[in-house]
Amino acid sequence: MSLFFKSPIDIEVLLDGEESRKHVEVANASNNSTAKTLKDRFPVYEDGESVSGIVTLRVKEGRKLEHLGVKVSLIGSVDISKSSSDYKKRPVDTFLSLSADLCPQGELMHSQSFPFSFKDVEKRYDSYRGKNVDVSYYVKVTVLRKSTDVVKFKRFWCLLYNSEPPAPALSKSSDDAKPVKLDIGIENCLHIEFEYSKSQYSLKDVIVGRIYFLLTRLKVKHMELSLVTRETCGLEPNQLSDTTSIRYEIMDGSPVKGETIPIRLFLGGYDLTPNSNFNHFSIRNYLSLVIIDEDGRRYFKQSEIVLYRKRN
Amino acid sequence: MSYAENIEQAISNCRQQTVLMQRCLSQGKLMDALKHTSIMLTELRSPTLSPKQYYELYILIYDSLSILSSYFVECHPKKHHLADLYELVQYAGNILPRLYLMITVGSSYLQSSDAPREEILKDMIEMCKGVQNPIRGLFLRYYLSQRTKPFFETEDPEAKRANISLIVANFIEMNKLWVRLQHQGPLREREQRTRERKELKILVGTNLVRLSQIVESDFAMYRDEILPLVLEQVVQCRDIVSQEYLLDVICQVFPDEFHLGTLSELLSTTLKLSPAAPVNEVVLTLVERLNGYIDRQEHPGPDELAKKLESLDISSESQNVFFVFWKFLNQLNEERPDLSLQEFAPIIKGILKLTLRWYPDNLSNVDVLLKFMYEKCKESGQTVPEDYDYLFQELLLANDLRHDPRFFYQVLTKCESYQKLFRVQNKGLQKFCVNEILDAITHADLRISSETELQKILGVCEVMIEVGAEKASSSLILDEDDGTDAEKWSLNADQEKLAKIAHLCYNKSIEKHTELLIACREWFQKGDKNAKYLYPAVICNIWKLIRKCQLMIKRKPQRREKMSTTIKQLFKLASRTINELYNTCEGGCLDLLYKLNLQTASLADQLELGDIAYDFFSQAFTIFEESLSDSRTQFQAIVNMAQTLQKTRSLYAESSYDTLITRCTLHGSKLLKKQDQCRAVYTCSHLWWATEISLLGEEEGVTDNFFREGKRVLECLQRSLRVADSIMDNVQSCQLMVEILNRCCYYFVHGDENSTHVGTKYINGLIELIKTNLKSLKMEANQGEDSGERFFIGTDGSYIHQSPVNSVSAVYNKPPTSKGNNLASVPIEFFQRTLQYIEDQKDVDERFKAISVGSTS
């Protein structure tokens, strides 16, 4: 069947210096379970970087193609609820759309290449591929025809670097280096104080802190630190949220009063997502301390941290 | 990742993962190797293993990690940089495998010269805090300690200091975990926990060992930087097992010199231990250690020791080891009034041991310690329960005290407190101790020469002397046999030992010696009935003294006069002592009194003091007449008297000899049983026939003034023959007659027929008489079969049974009942033997030829 519906034209998008560019590997988006381990490779762009390249249109040998014009566009969009079965209904929020014509209406007789360039494109968001939401950037080449257009997408990945941690709304304090201190407890049962060196971390950072046990009547089996990444999208009633987390055991056994347990978690080795927030979609990170007692009950305290990407 | 359910599975898992890890390493796949290691390490997370099993597993894993570690070192930095690896392993999700890996990488990293030593070490120790489970934590930290061991060797004092603080920190954490182990799990498993903890103690102790290796001989560092921290931890953990073990380890692993320098610190720490912790064991360990120090010295003399102490960097006050302990003891007493006597006792004993080793001749130390104990005893008020007697026994009879009997003697006599402490003990214990003390003294070849010393010794023995009161009832029962059954005397070993004291008394001066004996007597008097065991010893020693005087007279004739008065005094003393004995035990020991009198009389006679001898003889007679009632005893007494009298030489004046022997014979003839009468009388016949005593220079044939009256001899023999003849039992009768015949032979041999009046005619007549009497007896004897068993009748009337099987003969007082028939042959055989003797004599003595033996068949 594919023979009949085969596109009459091959479109190839080659970004400038693509081979030498840094790439990221992202788990395959397809829900096909066999393909889960597969990874997609995407070239990486930064904010403000120009995106340029060459579009090559190849016509099948000995055939010609009539078209109403060739257009290239650079699109950034948020795709929510990608997992929803109804592909069409998928709300897409495009936040970036630049386009340029490559070629006026005419007829393609043989293969032809068109260079294109978007200068200093401002990219506001990180690329992201989550369970419910994708933030994606791509170059879209459209060959307009009388019948169906021939379209080719070329995805690339965008990473935003902050030299300074952002001052997001959630952190009211202006002093970012101030350690986070929390004092929690269950009356007459457990009372701990914990402290992280700061509330904002770059992705290669190390979370350092300590937990101080003021009172323990609990038979603690072990204690974990989990780093929870939560993506939220949609508006209140139909809000969708999903979390992924890293579990990291930091204590084994039951401490006594006065014991201090060190926390040290290297973030660099994990595939984390920096915080981001726009319209109906946000990604937040939480650091959660979980105490599991000998009867398997879990006690936890969650506190939000901000992750950001920093150029190293 | 999960762990295996049981140890076998865990071990096989570990082995398997080790193999996989090695394979990956050889292929250079580091990440895979780490993954396998991590799976292996997961086994260590198992909470179901007992400490022993855990240890087994740990050893296995330790070896595997060593392989990994050497790979790390080899390939650094060619294939990887250990600093990166150090970060890499931190991503392990579970803390335990993570930390093991971290330590493995960290310690490997330490081997390269560019490693940031301090940071790594600190970091590793800090991160170990994450494991709060006691067993897992202990092993993890032990692993850390084992791995980092080689990196702590340094000469630089600064580095040394840093290392020490790291190890101490690790030690403190380990100890905390160790203590916590006790409080885990249900209460009913507490004892099992304690047991498990003891299995694990070596893990904690290793740290102290390591410290001792690092500190080497740097005393100042030990004193200022190690000991205070360690001791503080010991005090703070408030756990008995831990306190006991740690203090023990401290005492064991650090050098003696250190302990000498920090003695007061160590001791004052024991004051702060939890109330249930055994202070005494700590003190004892220290004492052992310090005593061992002396043993380890090349020149253990006190001077060398003092010099050595001075050379150490310690205050002069603490150079006196005993003083430090003494101060501690007082402090302990003040701060821990809850400590019971039973807890103090071992401490005191320990310190005693110490002082005896360090200051072997210092009595005042001993005194002060015992005094302390005495005061404690008094404070406690009520008597010490008997269960704890052993404590005091150990104290009072400490081996170290008894080690040198002379010193022990000094303690006994010079230490006031020993006496006091001794007196407050239970009677039973006191007795036991007295026994031991007496043994020690008597075996030590000591002489008690001063009265005060004697008083002290006897004071200690008081309890033994005075028990007479309670034993009286039992000894009364014995009284009846006392006279006859000599064996009963040796039964009371305690009294025998006491009596030995009298023999130990010795002083060159006779007067002083006498005083000693009098003192003994006074003490023995308190023994009441028991005096009969004790007085003879005193009297015996008085005799000895008298003999000594006699010797001195011989040697220095010029002092004769003074000496003779002394001798007289001594006899008076003897007499008084005997009387006192008589008064105290009245019926208890008459036979003894009788014999003592006789013996004294004999002694007086030998010194040619006729009057005195007479006096004692008359005393003896008085006792005989008034009190000796048992027939057997009476007979023995007569024989005894006759023996003694026969040898006297000084009584002839004023015919006192005559009086005495007549009285003796008279008593003999008045005995109740006829056979006794008979035997007594023929024995008494010898009283008229004095024989030579070569010691006195007498010689048969040369000396011509022997007291001899043949007529009286014959009279006696005839008298006894009459008695023998009148006895109804013809076996007895014949036996006695043969005995008389023997007597006759004796006189016939030794005397002229004219002077003895015992002639051939008389003997022939006697033989005839016996033969006639034997005829009827022979008939009886023939009926009996000869079973090979033989009986004899002794000259004191006892029956002697000789069996052919047994070489030992048995002696009975009553005739054997079952073998009645055989008895008839006894006098017959006896007669045969006597006749045979006469026949034999014919060859040497012409005179015997006149005796007609006749046909014996």
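Heads up: these notes are all about the structure in this document. If you're wondering where the values come from, they're calculated on a predicted model, not measured in any experiment.

1. Re the overall build of chain B
- When its secondary structure is counted, chain B shows 39 helices and three strands.
- Among the 857 residues that make up chain B, the fraction classed as buried is 55%.
- Contacts in chain B between residues at least 24 apart in sequence constitute 72% of all its contacts with a sequence separation of at least 6.
- By element, 49% of the accessible surface of chain B is carried by carbon and sulfur atoms, the whole surface being about 39300 Å².

2. With respect to the environment of R136(B)
- Structurally, R136(B) is set in helix α7 (residues 134-148).
- Take R136(B): its relative accessible area is 8%, and that puts it in the buried class.
- Once you skip the residues sitting within four places of it in the chain, R136(B) turns out to touch D252(A), L44(B), R45(B), S46(B), P47(B), Y54(B), L96(B) and V131(B).
- At a separation of 2.5 Å, a polar atom in the side chain of R136(B) contacts the side chain of D252(A).

3. Overview of the interface of chain A and chain B
- Counting from both sides, the interface comprises 20 residues of chain A and, opposite them, 22 residues of chain B.
- For the pair chain A and chain B, the summed buried surface comes to about 1800 Å²; carbon and sulfur atoms form 46% of the total.
- Together, E249(A), D252(A) and R264(A) form the three largest contributors to the area buried by chain A at its contact with chain B, with a combined 35%.
- Across the contact surface, chain A and chain B share four salt bridges.
- Between D123(B) and R264(A) there is a salt bridge, with its nearest N and O atoms 2.5 Å apart.

4. Some words on the nonpolar core
- In this structure, F325(B) and Y418(B) are the most contacted members of the largest nonpolar core, which totals 286 residues.
- Among the elements that line this core, the one with the most residues is helix α28 (residues 531-555) of chain B, at 13 residues.
- Residues in contact with F325(B), not counting those within four places in the same chain, are L263(B), L267(B), V283(B), L286(B), V287(B), L290(B), I351(B) and L354(B).
- With 40 residues, the next largest nonpolar core counts V72(A), V135(A), V141(A) and F278(A) among its residues.

5. With respect to the packing of aromatic side chains
Residues and elements named next belong to chain B.
- Counted under the stated rule, the structure contains 35 aromatic pairs over all chains.
- Across from the ring centre of Y62, 4.4 Å away, lies the NZ or CZ of R147, which sits over that ring.
- A cation over an aromatic ring shows up here: R197 above the ring of W178, its NZ or CZ 4.6 Å from the ring centre.

6. Section: a negative patch on the surface
- Together, E451(B), E511(B), E515(B) and E522(B) give the surface a local cluster of negative charge.
- Its location among the elements puts E515(B) in helix α27 (residues 510-525).

7. Quick word on helix α36 (residues 730-750) of chain B
Residue and element names in this part refer to chain B.
- Under the 1.5 Å per step criterion, the end-to-end length of α36 is 30 Å for 21 residues, consistent within 8% with the ideal 30 Å.
- Across the 21 residues of α36, 15 count as buried, placing the element largely inside the fold.
- The backbone nitrogen of V731 has a side-chain oxygen 3.0 Å away, supplied by the residue at the start of α36, namely D729.

8. Brief notes about the sheet that holds strand β14 (residues 190-196) of chain A
Residue and element names in this part refer to chain A.
- Spatially, the four strands line up as an open sheet ordered β13-β14-β16-β19, and their pairing is antiparallel. Of all the strands in the sheet, the pair left with one neighbour each is β13 (180-186) and β19 (260-266). Taken over all neighbouring pairs, the strand axes of this sheet differ in orientation by 20° on average, direction set aside.
- Where strand β16 (residues 206-216) lies against β19, seven bridges are found, and the strand directions are antiparallel. By the bridge assignment for β19, Y212 is matched with T260.

9. A word on the sheet that holds strand β9 (residues 112-118) of chain A
Residue and element names in this part refer to chain A.
- Taken in spatial order, the three strands line up as β1-β4-β9 in an open sheet, and their pairing is antiparallel. At either end of the open sheet lies a strand with only one pairing partner, and these are β1 (9-15) and β9. Within this sheet the neighbouring strands show an average axis-to-axis angle of 20°, counted without direction.
- In this sheet, β9 lies alongside strand β4 (residues 51-59) in antiparallel orientation, the contact comprising seven bridges. Bridging across to β9, I54 finds its partner in P115.

10. Observations regarding unusual backbone geometry
- The omega torsion across H76(B) and P77(B) is -5°, close enough to zero to call that bond cis.
- Following the sequence through the fold, P77(B) ends up in the loop between α3 (51-75) and α4 (82-88).
- The phi torsion at D120(A) lies on the positive side, around 40°, for a residue other than glycine.
- Structurally, the position occupied by D120(A) is in the loop between β9 and β10 (128-129).
- With a phi angle near 55°, N188(A) is a residue other than glycine that sits in the positive phi range.

11. Concerning empty space enclosed by the protein
Residues and elements named next belong to chain B.
- Enumeration over the complete set of coordinates arrives at two cavities of 30 Å³ or more.
- Taken as a whole, the largest cavity spans an internal volume of roughly 80 Å³.
- L121, I125, L144, S145, T148, F152, L166, I167, N170, N207 and R210 together form the lining of the largest cavity.
- Of all elements in the fold, only α6 (117-127), α7, α8 (157-182) and α9 (190-215) reach the threshold of two or more residues within the lining of the largest cavity.
- When grouped by side-chain class, the residues that make up the lining of the largest cavity number six nonpolar, four polar and one charged.
- Empty space within the second largest cavity amounts to approximately 60 Å³.

12. Concerning helix α11 (residues 240-253) of chain B
All names here are of chain B.
- Over its 14 residues, α11 extends 20 Å from the first C-alpha to the last, a length consistent with the 20 Å expected when each residue adds 1.5 Å.
- Within α11, burial applies to V241, S242, Q243, Y245, L246, L247, V249, I250 and C251.
- Where α11 begins, the side chain of D239 points an oxygen toward the backbone nitrogen of V241, at a separation of 3.2 Å.

13. Thoughts on the packing of α11(B) against helix α14 (residues 279-296) of chain B
Residues and elements named next belong to chain B.
- Taken N-terminus to C-terminus, the directions of α11 and α14 make an angle of 10°; their axes are 10 Å apart at the nearest point. Our classification of the angle between α11 and α14 gives roughly parallel. Together, E244, L247, D248, C251, Q252 and V253 of α11 and E281, V282, T285, L286 and R289 of α14 make up the contact between the two elements.
- Split into classes, the residues belonging to the contact of α11 with α14 amount to five nonpolar, two polar and four charged.

14. Comments concerning the pattern of salt bridges
- On inspection of all chains with the given rule, the structure shows 39 salt bridges over all chains.
- A salt bridge links D224(B) to R223(B); the nearest nitrogen and oxygen atoms lie 3.2 Å apart.
- Here D224(B) falls in the partly exposed class, since its relative accessible area comes to 47%.
- Shared partners join several salt bridges into a network, and the residues in it are D293(A), D295(A) and R297(A).

15. Let's talk about the packing of helix α17 (residues 341-358) of chain B against helix α18 (residues 363-380) of chain B
Residues and elements named next belong to chain B.
- Taken N-terminus to C-terminus, the directions of α17 and α18 make an angle of 175°; their axes are 10 Å apart at the nearest point. Classified by the angle their axes make, α17 and α18 are roughly antiparallel. Two secondary-structure elements touch here, α17 through L341, F344, A345, I348, I351, L352, T355 and L356 and α18 through N365, V366, L369, F372, M373, K376, C377 and S380.
- Of the residues contributing to the contact of α17 with α18, the split by class is 12 nonpolar, three polar and one charged.

Rules and cut-offs
- Residues numbered from 1 in each chain as written.
- Chains lettered and ligands numbered in written order.
- Predicted model: local features only at pLDDT ≥ 70, side-chain atom pairs only at ≥ 80, totals over all residues.
- Heavy atoms only, no water.
- Helix = DSSP H or I, 4+ residues; strand = E, 2+ residues; numbered from the N terminus.
- Buried < 20%, exposed > 50% of the residue type's maximum accessible area, 1.4 Å probe, protein only.
- Contact = heavy atoms within 4.5 Å.
- Areas by Shrake-Rupley, 256 points an atom, 1.4 Å probe, with all protein chains shown as cover.
- Polar contact = N/O pair within 3.5 Å; in protein donor to acceptor, adjacent residues only side chain to side chain.
- Buried area = accessible area lost by both parts, 1.4 Å probe.
- Salt bridge = Lys/Arg side-chain N within 4 Å of Asp/Glu carboxyl O.
- Core = buried A, V, L, I, M, F, W, Y, C linked by side-chain atoms within 4.5 Å.
- Phe/Tyr/Trp six-rings, centres within 6.5 Å; stacked < 30°, edge-to-face > 60°.
- Lys NZ or Arg CZ within 6 Å of the ring centre and 35° of its normal.
- Patch = residues over 30% accessible without salt bridge, like charges linked within 9 Å, V, L, I, M, F, W, Y side chains within 5 Å.
- Lys, Arg positive; Asp, Glu negative; His and termini not counted.
- Charge placed at Lys NZ, Arg CZ, Asp CG, Glu CD.
- Expected span 1.5 Å × (residues − 1).
- Pairing = 2+ DSSP bridges.
- Axes fitted to C-alpha atoms, helices over the stretch in contact; angles between N-to-C directions.
- 1 Å grid on protein atoms, 1.4 Å probe; cavity = no way out; pocket = protein on both sides within 12 Å on 5 of 7 lines; lining within 4 Å.
- Points joined across faces, edges and corners; volume = space filled by probe spheres on them.
- Nonpolar A, V, L, I, M, F, W, Y, C, P; charged D, E, K, R; others polar.
- Parallel < 35°, antiparallel > 145°, perpendicular 65-115°, else oblique.

The values reported here are purely geometric and, on their own, carry no functional implication.
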